[in-house]
Amino acid sequence: MPQSTKIIKNRIKSVEGTKQITKAMELVATSKLRRAKDNMERVKPYFESLRELAEDIMEHNTDFSSPFCKGDYEKPSCHVIIAGDRGLAGGYNANLFRSLEVKDGDFILPIGKKVTEYFAKKNVTVLTNAYALAANVRSSDCMQIARLLANEYKAGKFGRVDVSYTKFVNVLTFEPDTEILLPFAPNEEREKKAGVLTIYEGGVDAVFNQLIPQYISGIIYGAVTSSVASELSSRRNAMQAANKNADEMIADLTLKYNRSRQSAITQEITEIVAGSEN
Amino acid sequence: MSEYRLKIVTPDRMVFDSFAERLVARTQAGDVCILARHTEYIAPLAIGEIKVKADGKWRTASCSGGTLVVTGGETTIVADTFEWSDEIDLERAKRAKEKAEERLKNNATEFEFRLAELKLKRAINRINTGSKF
């Protein structure tokens, strides 16, 4: 069977080629993941202190009102959606999209090429496509996004803003999550602190209203870094699985190849022996 | 002189987490100086210079907005950007300044105009702080 040995040999070669690619992708994802995780840790103190600050202000001042604390559920919502730029990352993008609750007529602000593609044919308004590459979003971009969202929210374009991203728990676990940005509400589980008399430069309202865009930007940046880390981790796991499958396939095919070669040799010998006996 | 805990955080890193004697920051209502045992205080920051005296030495930095919080004897600056004067990339700031000026000339929409204006302010602030060093 020289024909079939050749076919098997070709298949082994092609699987080996694929394995090389998946191996390289795994290594790339691993090295990028380390940086992404560091990034994620660095953002944490920033938005945590902002959140605490905004909550403190809300709790200790009963006589203030801000347009950022009032929501309107009749109006369309605005969703900031953060996913990947590329596929081949296991269920990373699909899992996030499955968790979304976007209604017709809502606004979206996509971050990541896959989000833009996913919503291209849907009945939603895209607020801006300027931040289509998730890997390139920096903190200054988040600042601009936050200002844009805060302005449109104040102008009454939408009654709610939330952000959907993939939460990075550890290298094996990441889950899609949605957090409400506006209207701003303090976390209920938080322990109450005694009120202190504080001087607010320019008044409570002014301080709070300028804090909110900063807070939104912090949350979005945090969500982006967490999503990027999840994407890389997810890609690494997918590629690891692909490598394992390729190894198994190669072992299987090699066995088949050896068998078919052996049977070809045996046949030849039989033929020679048969010929010489005559 | 007595010291107090000062923390400076930006989205990208924890810039400073140590003890300081004195801090001069530009809030939207003007410059303020924070010494130890300051009362509880919150102020929005403007684009401007921030000076910190720690270990007997003054350091200058450029800040492009954020919030200054004094609470429980601790001071925290949550800044959009914060760069010590020796970290400022002057070339980049100059390029940003030119770009912003260009944009201001080609009358864009109001939103873009305001954006360019802010960019210009930030660039000028960086150049000022950076060239003093």
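Throughout this description, residue numbers start from 1 for each chain and increase along the sequence as written. Each chain takes a letter, starting from A, and each ligand takes a number, starting from 1, following the order in which they are written. Thresholds applied to this predicted model are a pLDDT of at least 70 for local features of residues and 80 or more for the giving and counting of side-chain atom pairs; totals over whole chains, interfaces and linings are not thresholded and use all residues.

**Remarks on the domain arrangement of chain A**
At step 1: An automatic or database domain assignment is the source of the domain bounds shown. Split into domains, chain A comes out as domain 1 (2–20 + 239–277) and domain 2 (35–235).
At step 2: Here the C-alpha centroids of domain 1 of chain A and domain 2 of chain A sit 54 Å apart.

**Quick look at the confidence of the model for chain B**
At step 1: Model confidence for chain B is summarised by a mean pLDDT of 84, while 97% of its residues fall at 70 or above.
At step 2: The ipTM, which scores confidence in the relative placement of chains, is 0.75 for this predicted complex, and the corresponding pTM is 0.80. Values of pLDDT, which run from 0 to 100, indicate the predictor's confidence residue by residue.

**Things to note about the domain arrangement of chain B**
Residue and element names in this part refer to chain B.
At step 1: In terms of domain boundaries, chain B breaks down into domain 1 (4–85) and domain 2 (88–132).
At step 2: Computed over C-alpha atoms only, the centres of domain 1 and domain 2 are separated by 23 Å.
At step 3: Here, residues touch in the contact sense if the C-beta positions derived from the backbone fall within 7 Å of one another. Contacts between the two partners involve 9 residues from domain 1, matched on the other side by 8 residues from domain 2.
At step 4: Helix and strand assignments come from DSSP, with helices taken as H or I runs of at least 4 residues and strands as E runs of at least 2, each series counted from the N terminus. Where the side of domain 1 that touches domain 2 is concerned, the elements lending two or more residues are β5 (41–54) and β6 (57–71).
At step 5: Counting residues per element, the side of domain 1 that touches domain 2 draws most heavily on β6, at 4 residues.
At step 6: Here the nonpolar group is Ala, Val, Leu, Ile, Met, Phe, Trp, Tyr, Cys and Pro; Asp, Glu, Lys and Arg are the charged ones; every other residue, Gly included, is treated as polar. Along the lines of polarity and charge, the residues of the side of domain 1 that touches domain 2 split into 2 nonpolar, 5 polar and 2 charged.

**Section: helix α2 (residues 92–99) of chain A**
Residue and element names in this part refer to chain A.
At step 1: With C-beta atoms placed from the backbone, a residue is labelled by how many other C-beta atoms lie within 10 Å of its own: buried for 20 or more, exposed for 12 or fewer, partly exposed between the two. Buried within α2 we find Tyr92, Asn93 and Leu96. The buried side chains of α2 occupy one side of the element, clustering within an arc of 95° when seen end-on.
At step 2: Each element contacted by the buried residues of α2 is listed here: α3 (113–119), β4 (160–170), β5 (173–182) and α5 (204–277). This arc is built from the directions going out from the helix axis to the C-beta atoms.

**Observations regarding the packing of helix α4 (residues 139–154) of chain A against α5 of chain A**
Residue and element names in this part refer to chain A.
At step 1: Orientation is described by axes fitted as lines to C-alpha atoms, over the contacting stretch for helices, and by angles from 0 to 180 degrees between their N-to-C directions. Across the interface, α4 lies against α5 with an axial gap of 8 Å and an inter-helix angle of 130°. Relative to α5, the element α4 lies oblique. In this structure, the crossing between α4 and α5 has a hand that is right-handed. Along the contact surface, α4 presents Ser139, Cys142, Met143, Ile145, Ala146, Arg147, Leu149 and Ala150, while α5 presents Ile212, Pro213, Ile216, Ser217, Ile220, Tyr221 and Val224.
At step 2: Of the residues assigned to the contact of α4 with α5, the class counts are 12 nonpolar, 2 polar and 1 charged. An angle counts as roughly parallel when it lies under 35 degrees, as roughly antiparallel when it exceeds 145, as roughly perpendicular when it falls between 65 and 115, and as oblique in every other case. Throughout, a crossing is termed right-handed when the near helix is turned clockwise from the far one, and left-handed when it is turned anticlockwise from it by less than a right angle.

**Things to note about the pairing of strand β2 (residues 14–20) of chain B**
At step 1: Think of it this way: DSSP has to see at least two bridges between two strands before they count as a pair. Pairing geometry for strand β1 (residues 4–9) of chain B and β2 of chain B, over 6 bridges, is antiparallel. Paired with leucine 6 of chain B across the strands is serine 18 of chain B, a residue of β2 of chain B.

**Notes on the environment of glutamate 83 of chain B**
All names here are of chain B.
At step 1: When you line up the elements, glutamate 83 lands in strand β8 (residues 82–84).
At step 2: A C-alpha to C-alpha distance of 9.4 Å links glutamate 83 and serine 64, two positions 19 residues apart in sequence.
At step 3: Not counting chain neighbours up to four residues away, the residues in contact with glutamate 83 comprise Ala61, Ser62 and Ile88.

**Some remarks on the sheet that holds strand β2 (residues 107–111) of chain A**
Residue and element names in this part refer to chain A.
At step 1: Pairing is mixed across the open sheet formed by 5 strands, whose spatial order is β3-β2-β1-β4-β5. Looking at which strands have only one partner, the edges of the open sheet turn out to be β3 (125–126) and β5.
At step 2: In the sheet, strand β1 (residues 77–82) pairs with β4 via 5 bridges, with the strands oriented parallel. Along β4, the bridge assignment pairs cysteine 78 with valine 161.
At step 3: With respect to the sheet, α2 is in contact with β4 and β5, its orientation differing from that of β4 by roughly 140°.
At step 4: Helix-sheet contacts for α5 involve β1, β2, β4 and β5, and the interaxial angle to β4 is about 40°.

**Describing unusual backbone geometry**
All names here are of chain B.
At step 1: For arginine 37, which is not glycine, the phi torsion reads 60° and is therefore positive.
At step 2: With respect to the helices and strands, the residue arginine 37 is situated in the loop between β4 (30–34) and β5.
At step 3: Positive phi outside glycine occurs at aspartate 55, with the angle close to 55°.
At step 4: Counting through the fold element by element, aspartate 55 comes out in the loop between β5 and β6.
At step 5: Overall, aspartate 55 belongs to the exposed group, with 10 C-beta atoms counted inside 10 Å.

**Brief notes about the environment of leucine 90 of chain B**
Residues and elements named next belong to chain B.
At step 1: One can find leucine 90 in helix α1 (residues 90–105).
At step 2: When the 13 C-beta atoms within 10 Å are taken as the criterion, leucine 90 is described as partly exposed.
At step 3: For the pair formed by leucine 90 and isoleucine 127, sequence separation is 37 residues and the distance between their alpha carbons is 6.1 Å.
At step 4: Each residue touching leucine 90, except ones within four places of it in the same chain, is listed here: Ile127, Gly130 and Ser131.

**Some remarks on the interface of chain B and chain A**
At step 1: Facing the 21 residues of chain B at the interface are 23 residues of chain A.
At step 2: For the side of chain B that touches chain A, the secondary-structure elements that each account for two or more residues are β5, β6 and β7 (74–79) of chain B.
At step 3: Taken together, the residues of the side of chain B that touches chain A break down into 10 nonpolar, 7 polar and 4 charged.
At step 4: Bridge analysis of strand β6 (residues 199–200) of chain A against β5 of chain B gives 2 bridges, and the strand direction is parallel. Residue pairing in the sheet places isoleucine 199 of chain A in a bridge with tyrosine 41 of chain B of β5 of chain B.

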